[in-house]
Amino acid sequence: MTSVDSRPSGPSGPRSQEQRKREALERLARDTDVWVATADGTGEPCLVPLAFLWDGEAVWLSTRDTNPTGRNLAASGKVRLSFGPTRDVVLVHGIASVLTREELPAEVGDAFAAKDGWDPREDHPSYVWFRVVPEFLQAWGTVPELAGRTLMREGKWLV
């Protein structure tokens, strides 16, 4: 039996890369929150959940430019995102660029607010936006899926 949060490891075997890509894109479109991992210049890690929007090409995040995640993203642009439970994970390594409220495309802000029910543009002025372009994407559910888990490399889909 297969569910969204628990992938089969039995007789049906691992999912194909094509199926994993399709399901990864579905997860990006429907999930509400993502784990965001960054590090400061000394290597001190920071891991927080944030609301996000997937626009088909990039993941959009919003957080205060004064908190560790905002500072880390602005300084290095390096980020790892983890979607889903551990038995059905989509892991994205990406490069983030920062945008102010004024630079944010209105349609992105509107879509983010509609999806999440919260509009950072109307919150504290320290909220900024980050557009994360995936460079590397992996998707797997169980040990049999570890082989072939890389679906994107250097920003290009492999499947």
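Residues numbered from 1 in each chain as written. Predicted model: local features only at pLDDT ≥ 70, side-chain atom pairs only at ≥ 80, totals over all residues. Heavy atoms only, no water.

## Here's the deal with the nonpolar core
Within the largest apolar cluster, 23 residues are counted, with the highest numbers of intra-cluster contacts made by Val59, Leu61, Leu81 and Phe83. Elements that contribute at least two residues to this core include exactly α1 (17-30), β1 (33-39), β2 (45-54), β3 (59-64), β4 (78-83), β5 (89-99), β6 (127-140) and β7 (150-153). Counting residues per element, this core draws most heavily on β6, at five residues. The residues touching Val59, leaving out its near neighbours within four places in the chain, are Phe52, Leu53, Trp54, Leu81, Phe83, Phe130, Arg131 and Val132. (Core = buried A, V, L, I, M, F, W, Y, C linked by side-chain atoms within 4.5 Å. Buried < 20%, exposed > 50% of the residue type's maximum accessible area, 1.4 Å probe, protein only. Helix = DSSP H or I, 4+ residues; strand = E, 2+ residues; numbered from the N terminus. Contact = heavy atoms within 4.5 Å.)

## Structural notes on empty space enclosed by the protein
Under the criterion given, the structure shown has one cavity of 30 Å³ or more. Estimates place the volume of the largest cavity at around 30 Å³. Every residue along the wall of the largest cavity is listed here: Arg15, Arg20, Glu23, Ala24, Arg27, Asp88, Val90 and Ala139. With four residues, α1 is the single largest residue contributor to the lining of the largest cavity. When grouped by side-chain class, the residues that make up the lining of the largest cavity number three nonpolar, no polar and five charged. (1 Å grid on protein atoms, 1.4 Å probe; cavity = no way out; pocket = protein on both sides within 12 Å on 5 of 7 lines; lining within 4 Å. Points joined across faces, edges and corners; volume = space filled by probe spheres on them. Nonpolar A, V, L, I, M, F, W, Y, C, P; charged D, E, K, R; others polar.)

## Points about the UniProt feature "domain: Pyridoxamine 5'-phosphate oxidase N-terminal" (unreviewed entry) in the chain
Under the feature "domain: Pyridoxamine 5'-phosphate oxidase N-terminal" (unreviewed entry), the UniProt entry names residues 23-140. Each end of residues 23-140 is marked by a C-alpha atom, and these two atoms are 10 Å apart; helix forms 24% of the span and strand 46%. (UniProt positions renumbered as here; feature names shortened; annotations may be inferred.)

## Examining the packing of aromatic side chains
A complete count under the given rule lists four aromatic pairs for this structure. Measuring from centroid to centroid gives 5.0 Å for Phe52 and Phe83, while their planes differ by 75°, and the two rings are edge-to-face. Of this pair, Phe52 sits in strand β2 while Phe83 is found in strand β4, placing the two residues 31 residues apart along the sequence. You can call Phe83 buried: its relative accessible area is 0%. Members of the aromatic cluster, each reached through a chain of ring pairs, are Phe112, Trp118, Tyr127 and Trp129. The side chain of Lys115 reaches across the aromatic face of Phe52, ending 3.7 Å from its centre. Over the ring of Trp140 we find Arg149; its NZ or CZ atom is 5.8 Å from the centre of that ring. (Phe/Tyr/Trp six-rings, centres within 6.5 Å; stacked < 30°, edge-to-face > 60°. Lys NZ or Arg CZ within 6 Å of the ring centre and 35° of its normal.)

## A few points about the pairing of β5
A large share of β5 lies buried, amounting to eight of its 11 residues. Here β4 pairs with β5 via six bridges, running antiparallel. Bridge pairing in β5 links Arg80 to His93. Hairpin connection, β4 to β5: the antiparallel pair is bridged by five residues, and Gly84 has positive phi, about 85°. (Pairing = 2+ DSSP bridges.)

## With respect to the pattern of salt bridges
When charged atoms on two side chains of opposite charge get close, those side chains can pair. Counted under the stated rule, the structure contains nine salt bridges. A salt bridge links Glu145 to Arg15, with the nearest nitrogen and oxygen atoms 2.7 Å apart. Here Glu145 is found in the loop between β6 and β7, whereas its partner Arg15 is found in the segment before α1, with 130 residues between them in sequence. Across the pair, exposure class does not vary: Glu145 and Arg15 are buried alike. When the shortest N-O distance is used, the salt bridge between Asp88 and Arg27 registers 3.0 Å. Taken as a pair, Asp88 in the loop between β4 and β5 and Arg27 in helix α1 lie far apart in primary sequence, 61 residues in all. (Salt bridge = Lys/Arg side-chain N within 4 Å of Asp/Glu carboxyl O.)

## A short note on the environment of Pro120
The residue Pro120 is located in the loop between α3 (106-116) and β6 in this model. For the pair Pro120 and Pro14, spaced 106 residues apart in sequence, the C-alpha separation works out to 40 Å.

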